[in-house]
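Listed below are the residues making up each chain.
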Amino acid sequence: MGSLPVIRAVGRLVPYLYRLWRDVPCGEVVHVMANSGWAWHLFAAPAIWIASWRCIPIVITYHGGEAEAFFNRSFKLIRPTLERVQQVIVPSEFLAAVFARFGVSTVQVPNVVDLDAFAPADSHPLEPHIVVTRNLEQVYDVATALHAFARVRGQVTNVRMTIAGSGPLGDELQRLTHALRIADAVRFTGRLDNRELPALYRSATVALNPSRADNMPVSVLEAMASGVAIVSTNVGGIPYLLRDGENALLVPPACPTRMAEAIERVLMDPILGRRLAATALLDIGAFSWSRVRPILFLHLSGGDGRKDEARRGGGWESTGPSGTRGASMIRAIHAVLMNALVPQRVSLMRLHKQRSGWSRDAIRGYQDEKVRELIAYCWKYVPYYRAKWKEAITSPDEIRGVDDLGKLPILGKDELRENLEQLTTTATFVKSSPRAVAVAPADRLCSR
């Protein structure tokens, strides 16, 4: 099915919808990572609607520099889905302004870069090296980067280029390098994981971002943290992140001549390149996890009002006209369906209502209790967590609540992928009645 575009999408959507319906009620908030185009319609929108039907508060983080064009085309279709959301997070002032033009209020939480992994090199590269770390798709316009590189090579003969990314234009772009007679100086690495990218940046003289639309690309943040001079197009949210002549050189999109001139300026004037990189290093601290984490957690934690909004089916308040009659009808139908399809809904609602009246101390006590239960369970039943945590603590009893979570090491994506089997619980859940769940170690259960 993977080779058939339409059938492939349907084949992925069906199990996705099933998993959403099954798993969404397990959470106290649903955090949706959203983007423009079909990614919104096929992945973000279903998650939002199912969470709304399940009466779980919804927070979305919206990425992507093509939001304005997408909203101009499809906002009438997007709007009913956004109205189910209790909080919209965007990473930049650029996207905040786009949403505001369509009457949607947002909060800003910047993207994050791992400053422990991405750091400047101890010495400068011996040969000029241009690095592009964007996917091989139309929006990132790697073709213009290749045309610019061909012009630069006419002035700097020993320059080379590395393109780290994958995508549908891979074959076409490799043919272009032969047509431009630069194939011997251009290397396509394919997609690199986070363990390989830091070394690539440290070998670079210039990090080139040629995209036609952008927001706050993590690849640019990584280049800033790596102490590399940046040349980028001035599209979308880029001017909110990079300042021309201060921490980067900015050029118009799809303009290989201007792009080549900017690259040559950096290569011919090492002092300029070092100044741009040094200023970017001063700016990058704002995107560290320690700075972003409290902002993100503040908006994810929400409050009692957000849970009330989720129960009512309410979301953001629009500054423009809204179809209140249609929305009321949708909510009425929603209430009937939920009471018919989910018999436990009334008891769950009573429980949520009871908690919504708790004091701050009571809420914190409940959170601390749940943290202790979770840590004790993972220590007992998840081998990898137990082994990893023993590097930092001697017993799960040392984690008494939320404030102690900082004692535990943070796991990265690659570590999770490599140790998936050890991260699987050894406990088996046995449902004995609609309101009771027993947990038993797998080795104590019969083969059935």
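Considering the overall build of the chain
Assigned secondary structure in the chain consists of 18 helices and twelve strands. Out of the 448 residues in the chain, the part that is buried amounts to 42%. Pairs at least 24 apart in sequence give 70% of the contacts found in the chain among residues at least 6 apart. With an accessible surface of roughly 24600 Å², the chain has 54% of that area assigned to carbon and sulfur atoms.

A look at the confidence of the model for the chain
Put simply, the chain has an average pLDDT of 84, and 83% of its residues get 70 or more. Counting interchain partners and residues more than four positions distant, the pLDDT-below-50 stretch residues 317-327 has eight contacts. Low pLDDT, under 50, characterises residues 442-448; the predicted model gives this stretch six contacts beyond four residues in sequence or across chains.

As for the packing of helix H1 (residues 5-23) against helix H2 (residues 38-53)
Look at H1 against H2: their axes get within 10 Å of each other, and the N-to-C directions meet at 25 degrees. Classified by the angle between their axes, H1 and H2 sit roughly parallel to one another. With respect to the hand of their crossing, H1 and H2 are arranged in right-handed fashion. Contacts from Ala9, Leu13, Tyr16, Leu17, Leu20 and Trp21 in H1 reach Leu42, Phe43, Pro46, Ala47, Ile50 and Trp53 in H2. When the residues that make up the contact of H1 with H2 are grouped by side-chain class, the tally is twelve nonpolar, no polar and no charged.

What about the side chain of glutamate 222?
Tracing the sequence through the fold places glutamate 222 in helix H8 (residues 218-225). Of the side chains bearing the opposite charge, arginine 134 lies closest to the buried glutamate 222, which forms no salt bridge; the N-O distance is 8.7 Å. Beyond its immediate stretch of four places on either side in the chain, glutamate 222 contacts Val113, Phe118, Asn194, Leu197 and Tyr201.

What about the pairing of strand E8 (residues 206-209)?
Remark: a regular strand shows side chains that alternate across the two faces of the sheet. Burial along E8 is two-sided: the residues Val206 and Leu208 and Ala207 and Asn209 are all buried. Where strand E5 (residues 129-132) and E8 come together, two bridges link them in parallel fashion. Bridging across to E8, valine 131 finds its partner in alanine 207. Handedness of the crossover joining E8 and strand E9 (residues 229-233) through H8 is recorded here as right-handed.

Side note on the packing of aromatic side chains
Counted according to the given criterion, the structure contains 15 aromatic pairs. Between the aromatic rings of phenylalanine 75 and phenylalanine 102, the centroid separation amounts to 4.9 Å while the plane-to-plane angle is 40 degrees, which identifies the pairing as tilted. Of the two residues, phenylalanine 75 sits in helix H3 (residues 67-82) while phenylalanine 102 sits in the loop between helix H4 (93-101) and strand E4 (107-108), which places them 27 residues apart along the sequence. In this pair, the class of phenylalanine 75 matches that of phenylalanine 102, namely buried. Clustering of aromatic rings is evident, with ring pairs tying together Trp40, Tyr62, Phe70, Phe71, Phe75, Phe99 and Phe102.

So, the sheet that holds E4
Reading across the sheet, the four strands line up as E1-E2-E3-E4 and stay open at both edges, with parallel pairing between neighbours. In the strand order of this sheet, the two ends are held by strand E1 (30-34) and E4, each with one partner. The sheet contact formed by E1 and strand E2 (residues 58-62) spans five bridges and is parallel. Within the sheet, the bridge partner assigned to methionine 33 lies in E2 and is threonine 61. Seen against the sheet, H4 touches E2, strand E3 (87-90) and E4 and runs at an angle of roughly 140 degrees to E3.

Side note on the packing of helix H5 (residues 142-153) against helix H6 (residues 170-179)
Packed helix pairs are characterised by how far apart their axes lie and by the angle those axes make with each other. The geometry of H5 relative to H6 is characterised by a closest axis approach of 10 Å and an angle of 15 degrees between their N-to-C directions. With respect to H6, the element H5 is oriented roughly parallel. H5 and H6 meet at a crossing whose hand is right-handed. Between H5 and H6, the contacting residues are Val142, Ala143, Leu146 and His147 on the first element and Leu173, Leu176 and Thr177 on the second. Residues that form the contact of H5 with H6 fall into these classes: five nonpolar, two polar and no charged.

Describing the nonpolar core
Counting residues in hydrophobic clusters, the biggest one holds 33 residues, and the most contacted among them are Leu146, Met161 and Leu208. The next biggest cluster of nonpolar side chains, apart from the first, holds 32 residues, and it includes Trp40, Ile56, Val85 and Phe99.

A word on the side chain of serine 226
Tracing the chain through its elements places serine 226 in the loop between H8 and E9. In contact with serine 226, not counting residues within four places along its chain, are Phe118, Ala119, Pro120, Ala121 and Tyr201.

Concerning the sheet that holds strand E10 (residues 249-251)
Strand order in the open sheet made by the six strands is E7-E6-E5-E8-E9-E10, with parallel pairing throughout. Sheet topology places strand E7 (186-188) and E10 at the edges, where each strand pairs with a single neighbour. Sheet twist, expressed as the average angle between the axes of neighbouring strands with direction ignored, equals 20 degrees. Taken together, the four bridges between E5 and strand E6 (residues 160-163) define a ladder with parallel strand orientation. Bridging across to E6, valine 131 finds its partner in threonine 162. Against the sheet, H5 touches E5, E6, E7 and E8, its axis set at about 170 degrees to E6.

Cut-offs applied
- Residues numbered from 1 in each chain as written.
- Predicted model: local features only at pLDDT ≥ 70, side-chain atom pairs only at ≥ 80, totals over all residues.
- Heavy atoms only, no water.
- Helix = DSSP H or I, 4+ residues; strand = E, 2+ residues; numbered from the N terminus.
- Buried < 20%, exposed > 50% of the residue type's maximum accessible area, 1.4 Å probe, protein only.
- Contact = heavy atoms within 4.5 Å.
- Areas by Shrake-Rupley, 256 points an atom, 1.4 Å probe, with all protein chains shown as cover.
- pLDDT = per-residue confidence, 0-100.
- Axes fitted to C-alpha atoms, helices over the stretch in contact; angles between N-to-C directions.
- Parallel < 35°, antiparallel > 145°, perpendicular 65-115°, else oblique.
- Left-handed = near helix turned anticlockwise from the far one by under 90°.
- Nonpolar A, V, L, I, M, F, W, Y, C, P; charged D, E, K, R; others polar.
- Lys, Arg positive; Asp, Glu negative; His and termini not counted.
- Salt bridge = Lys/Arg side-chain N within 4 Å of Asp/Glu carboxyl O.
- Pairing = 2+ DSSP bridges.
- Right-handed = clockwise from strand over helix to strand, strands pointing away.
- Phe/Tyr/Trp six-rings, centres within 6.5 Å; stacked < 30°, edge-to-face > 60°.
- Core = buried A, V, L, I, M, F, W, Y, C linked by side-chain atoms within 4.5 Å.

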